[in-house]
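Chain and residue survey
One-letter residues, chain by chain:
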Amino acid sequence: MTKRIWVIMLSCFCWQLLHGADTKDNEVTGLITDERLRPVEFADVALFRAADSVFVTGSVSDAKGRFSFSPVDTGQYYVTYSFIGYETGCSETFTVGEGKRLDLGTLRLHLSPEQLDEVVVQGRRATYVQRIDKRVFYAGTDLMSTSGSASDLMRNIPSVQVDVEGKVSLRGSESVNIPIDGKPSALMTPRMRANALRQIPAAEIERIEIITNPSAQYKPDGVSGIINIVMKKEQQKGWNYALSANAGTGGRGNATASVGYGTEHINLSASYGIRRDLYAPRITDERTRNDSIFALTSQLTTGHTHPLSHIVRAGIDWKIDPHNRLQVNGNYSREHFIRTEDISATDRNAQQEATYQSTRHRYDNENVKGWEAGGSYTHTFGKEHELTADYTYSSQEGLEDNQYATRSSTDSLMRDNTQIWQAYYQHLFRLAYHRTFSEHLKLDIGYELDALQTDLNFHVQNLMNGAFVSDMTRTNDFTNRETNQALYATVECKLGAWNILLGIRPELMQIKSDLHSFDSIVKRNYWMVYPTLHTSYAIDEHNELQFNYSLRVNRPEADNLNPFPEYQNPLSLRAGNPYLKPEKVHSIEASYQWQKGSMTLLGTLYYRYVTNKLTPVTRYLDGNLFYDQIDASRLGYGAHKDAVAWSASLNANFTPFSNVLLQLNSRYLSPSLLAQGRREGMFTTDIGVNYEIPRLHLSFTATLSDVFDTFKNVYTINTTQLQQRLEQKMNTRVFYIGITWKFNTLKQH
C-alpha cells in the first residue's frame, strides 16, 4: 500500500511537469461592477467549459472588484457572476490560448427586478461546509454559541454525541482526538476534556471541523477521527470590542469580554470569560448476580455541584514584512467547586429481603488549573509557498480532595479520605512546509515532536483511633511518558473533475510507564506507517462523490495503562493493563453531496476494521465489588452479536420577522451494541430565539435546552454471572437569556 502511494505521488508530479508547461501562464481576469461602474466586492464568479457546461473552478472578487483564474487549460469557456440583490450575469464564450493572459474587461451586475426601493440585506454564513477531507461547522450560526459552552455547541453537530457526563463521541466512538487550533492540548486528554469543554465559552469558538478520515497531515490517533476546535482570532483594523452576559436557571450564569486592536501589520487580542454552572446528577445502578448465590444490589447516587470557572486568552499576530510573520498566544484557566454526593446501597436476597444497607456521603473540594503558551514563525517565499515552525507547551493539573463518611446496617460510622492528583504536561514542536505549484498541484511536508507526561496519584487514608492513617494497600502513584516523532507528506492533485489527496505518515512512538508503588518500569517502543487517500469527483456544480481511506491508531491512554485499582464508588473499582497494544483501525468512507445555495444534502457510508481491540470488561469480585478492567484479549462472552446503530439530527432556522431568528435543534441516537450488553437510545431537543438591533450593535437571545427533559444515559450488561442496568441523568433542561454587544471602529478587512 505504501509503495503504491509513493508511485501515485510521483505520477502527480510528472503530470504537473507535463501539464504545467502548457498552462502555467494561462490566466483569465476581469472586473465586476454595478450599474454605476462601482467595484463590487465578494461577488461570486464561476468558470465553466463551453462545450458541456461543466463547472471548472470558482473565485470571489476582491475589494477592487477584480477576479482571476490561473492557470487555465486551453479551450473555450464562459463565466457566470452574481451577488445578493442582483441578477446572475453570464459572459460571452471566450477562448483561452496557450501562454495567453485574457482580460474579460468589465462585467456589470444589474439589480434584480424584484428589488424594493429600499432593501436591507443580511447575510448568514452557511452552517456546514463540506471540503475534500473535512466538514466545517460554523459556531456563529448556532444560538447555543451565545450562552452555552463548547460542550453544548458540539451537541448540535451531526455525527457528534455528548452524553450527560460530558463525554464526547464521534460516530458512536469515544476514541476521538480533540485538538485546539489543530494542535494537541493537555486540556483535551480523555480524563480531563469533559470538564475542559464545559469551561470553554462557545462564544469564543469560530468553527469546529469534523475530520472523520484525516489526511497524513494530522495525527492518526482516534478510531472515529478528529474534532478540531478553532478559536476566534481577531483580524480587524482599529479597535473592536465585544461583551456578552447570560443568566440561566438554577443560579447559572456566564459572561465574556473581548478587546482587540489591529493595524496593517499587527493584531492584538485579549478575552476573559467567567462561567458558573449547576450539575445535579442522579444515577441508579441495579445489579443482579447469578451464580451459586442469587443477589440483587441497587445503588442510588445523587449530587450537587456549582463549579465556577475563569479563562483568560491573549495573542499577538505580527506581520513583520511581506515575507515574515510571528504569532504568540497563551491562555490560563481555573475551575473550583465543592461537590457533594450521597450514595445509598441495598443488597437483597432471592426473596427480596434486605440483607445489607449503607449510606455514603462524599464531600469533594476540587481545583483544576491549566495554562498554555506557544508561538509560531512563518516565512513566505511566494504566493502559497511557506515554511512554518511552531512550539506549544501546555499543562493541566487537578486535585480531588474527597472526604467520605459511611454508615451501614452492620458497622458503625466509618470515615476515610481520598486524594486524586491528575497532571498532564505536554511539549509540541512542529515544522511544516507548504507549496502550491499550481491550481492542479499542492504539496505539504512536515515533522512533529509530541512529548506528553501524565501523573496519576491515588492516595487513601482511613480513620483509626481518632487519626487518619495511610492505606498503603490502596495508595499508588503512576507516571506515564510518551514521545511521538513523525514525518508526513501529502500531495493534492486536480485532474479535471477529479481531486486526489494522497498522504503518508511514518511515526516512532516511545512509551515509559513508571509503576512507583511496585518500583517497576514498563517500556514499549514501536513504529508504524500510516497511509491516507482522499478522492472526490465533481459530477457538476451541485453534485459531488467522495471516497476516502486512512489507517488510524487508538493508543491506550495513561488511565488504561495504569494497573493500580481506583475505587470509583463503594461497588466499583477500575484498573488498566500496562502491556496493552494500540488498536489499528482501517477506515473507509464513500459519500455523496448535493449542494445548491444554502441547502446541502450529504450522505456517507463508512466501514471500520479494528485489530487489537481495546474493550472494557465488567465482572463480579468477591467482597461485594464489581471490577471494571481493560482487556485486550478475546472476550469470550456469549455467541456472536451484531446490531445496526444510527443517529439523526434536525437543525432548522426560521426568520418570521425582520431581525428575528428562531432555531430548532433535535437529535436522536439509536441503541448500540456493547461487548457485554448495549447502550439505550437518547433523544433531546433545544430551541432558541435571537433578536438583533443592528444600529445599536445589540442582540438578545433566549435558549431552552432539552425541552422535554429526555436526555440521559442508560447502559445494560447481560452475562451469565452478572446483569446490570445503569441510568445516568443530569439536570439538562436549562433556560438562558442573554445580551451581546459588538462594536468596531473600522470595517473588517
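Note that the structure is predicted; figures quoted are calculated from it, not measured.

The rules behind these values
Residues numbered from 1 in each chain as written. Predicted model: local features only at pLDDT ≥ 70, side-chain atom pairs only at ≥ 80, totals over all residues. Heavy atoms only, no water. Pairing = 2+ DSSP bridges. Helix = DSSP H or I, 4+ residues; strand = E, 2+ residues; numbered from the N terminus. Axes fitted to C-alpha atoms, helices over the stretch in contact; angles between N-to-C directions. Patch = residues over 30% accessible without salt bridge, like charges linked within 9 Å, V, L, I, M, F, W, Y side chains within 5 Å. Areas by Shrake-Rupley, 256 points an atom, 1.4 Å probe, with all protein chains shown as cover. Salt bridge = Lys/Arg side-chain N within 4 Å of Asp/Glu carboxyl O. Buried < 20%, exposed > 50% of the residue type's maximum accessible area, 1.4 Å probe, protein only. Core = buried A, V, L, I, M, F, W, Y, C linked by side-chain atoms within 4.5 Å. Contact = heavy atoms within 4.5 Å. Polar contact = N/O pair within 3.5 Å; in protein donor to acceptor, adjacent residues only side chain to side chain. 1 Å grid on protein atoms, 1.4 Å probe; cavity = no way out; pocket = protein on both sides within 12 Å on 5 of 7 lines; lining within 4 Å. Points joined across faces, edges and corners; volume = space filled by probe spheres on them. Phe/Tyr/Trp six-rings, centres within 6.5 Å; stacked < 30°, edge-to-face > 60°. Lys NZ or Arg CZ within 6 Å of the ring centre and 35° of its normal. pLDDT = per-residue confidence, 0-100.

Quick word on the sheet that holds strand S4 (residues 66-69)
Read from one edge of the open sheet, 3 strands run S4-S1-S8, paired in mixed fashion. The open sheet is flanked by S4 and strand S8 (101-108), the only strands paired with a single partner. Taking each pair of neighbouring strands and ignoring which way they run, the sheet shows an average axis angle of 20 degrees.

Some thoughts on a nonpolar patch on the surface
A cluster of nonpolar side chains, contributed by Leu268, Ile316, Trp318, Ile320, Leu326, Val328 and Tyr377, occupies part of the molecular surface with about 560 Å² of accessible area. Those elements that provide at least two residues to the nonpolar patch are strand S21 (308-321) and strand S22 (324-348). Sorting elements by how many residues they give to the nonpolar patch places S21 first, with 3 residues. By secondary structure assignment, the location of Leu268 is in strand S18 (residues 266-276). The partly exposed category is assigned to Leu268, whose relative accessible area is 36%.

With respect to the pairing of strand S38 (residues 647-654)
As defined by bridge partners, S38 adjoins strand S39 (residues 660-669) across 8 bridges and the pair is classed as antiparallel. Each residue of the ladder has a partner; that of Asn653, found in S39, is Gln663. Remark: 5 residues form the turn of the hairpin made by S38 and S39, two consecutive strands paired antiparallel; Asn659 in that turn has positive phi of roughly 65 degrees.

Observations concerning the nonpolar core
Residues Met154, Val160, Val168, Ile205 and Ile227 are the most contacted members of the largest nonpolar core, which totals 25 residues. Elements supplying a minimum of two residues to this core: helix H3 (150-154), strand S11 (160-162), strand S12 (168-170), helix H4 (193-199), strand S14 (205-211) and strand S15 (225-231). Not counting residues within four places of it along the chain, the set of residues in contact with Val160 comprises Met154, Arg155, Val168, Ser169, Leu170, Ile210 and Ile227. Membership of the second largest hydrophobic core comes to 16 residues, among which are Ala43, Tyr81, Phe94 and Leu107.

Notes on the pattern of salt bridges
Under the criterion given, the structure shown has 29 salt bridges. Of the charged contacts in the structure, one is a salt bridge between Arg101 and Glu27, with a shortest N-O distance of 2.7 Å. Pair noted here: Arg101 is in strand S8 and Glu27 is in strand S1 (residues 27-33), with a separation of 74 residues, a long-range link. Of the residues examined, Arg101 reaches a relative accessible area of 62% and is grouped as exposed. Here Glu27 falls in the buried class, since its relative accessible area comes to 19%. Shared partners join several salt bridges into a network, and the residues in it are Arg339, Glu341, Arg362, Asp364, Glu366 and Glu400.

So, the pairing of S4
Residues Phe67 and Phe69 point to one face of S4 and are all buried, whereas Arg66 and Ser68, pointing to the other face, are not buried. Bridge count between S1 and S4: 4 bridges; the pairing is antiparallel. The partner of Leu31 across the bridge, within S4, is Arg66.

Brief notes about the environment of Arg339
Along the polypeptide, Arg339 turns up in strand S22. For the pair formed by Arg339 and Tyr279, sequence separation is 60 residues and the distance between their alpha carbons is 9.2 Å. Those residues in contact with Arg339 that lie beyond four places of it in its chain are His304, Thr305, Arg362, Tyr363, Asp364, Glu366 and Glu400. Side chain to side chain, Arg339 and Glu366 meet in a polar contact 2.7 Å long.

Topic: the side chain of Asn177
Along the polypeptide, Asn177 turns up in strand S13 (residues 176-177). In contact with Asn177, other than residues within four places in its own chain, are Lys219, Asp221, Gly222, Gly225, Ile226 and Ile227.

Some details on empty space enclosed by the protein
Summed over all chains, the structure comprises 8 cavities of 30 Å³ or more. Reported here for the largest cavity is a volume of approximately 380 Å³. What lines the largest cavity is a set of 25 residues, and nearest its centre among them are Asp152, Arg155, Ser705, Thr732 and Val734. For the lining of the largest cavity, the secondary structure elements donating two or more residues are H3, strand S42 (682-693), strand S43 (698-705) and strand S46 (734-744).

What about the side chain of Glu204?
Along the chain, Glu204 turns up in the loop between H4 and S14. On the basis of relative accessible area, Glu204 is assigned to the buried category, the value being 9%. Discounting residues that sit within four places of it in the chain, Glu204 has contacts with Met231, Lys232, Ser271, Tyr272, Gly273 and Arg313.

Some points on the packing of aromatic side chains
Inspection of the entire model under this criterion finds 9 aromatic pairs. Of the aromatic side chains, those joined through ring pairs into one cluster are Trp239, Tyr241 and Tyr261. A cation over an aromatic ring shows up here: Arg198 above the ring of Tyr279, its NZ or CZ 4.5 Å from the ring centre. The ring of Tyr404 carries the charged tip of Arg360 above its face, separated from the ring centre by 3.9 Å.

Here's the deal with unusual backbone geometry
Residues Ser70 and Pro71 are joined by a peptide bond in cis, for which omega reads -10 degrees. Unlike most non-glycine residues, His697 shows phi in positive territory, near 60 degrees. Examined against the element boundaries, His697 turns out to sit in the loop between S42 and S43.

Examining the environment of Pro582
Among the secondary structure elements, Pro582 is positioned in the loop between strand S33 (572-575) and strand S34 (583-596). Along the backbone, Pro582 and Thr611 are 29 residues apart, and their C-alpha atoms lie at a distance of 8.8 Å. When residues no more than four places from it in sequence are discounted, the contact partners of Pro582 are Tyr526, Val553, Asn554, Arg555, Pro556, Thr611 and Asn612.

Side note on the environment of Tyr549
Examined against the element boundaries, Tyr549 turns out to sit in strand S31 (residues 543-554). Residue Tyr549 is classed as buried on the basis of its relative accessible area of 13%. Reaching out from Tyr549, the side chain makes a polar contact with the side chain of His586 at a distance of 2.9 Å.

Topic: the confidence of the model for the chain
Confidence in the prediction of the chain, expressed as mean pLDDT, is 83, and 86% of residues score 70 or more. Low pLDDT, under 50, characterises residues 13-23; the stretch is placed with 19 contacts to residues that sit more than four places away or in other chains. Here residues 622-640 is modelled with pLDDT under 50, and outside its nearest four sequence neighbours on either side it reaches 56 contacts, counting other chains as well.

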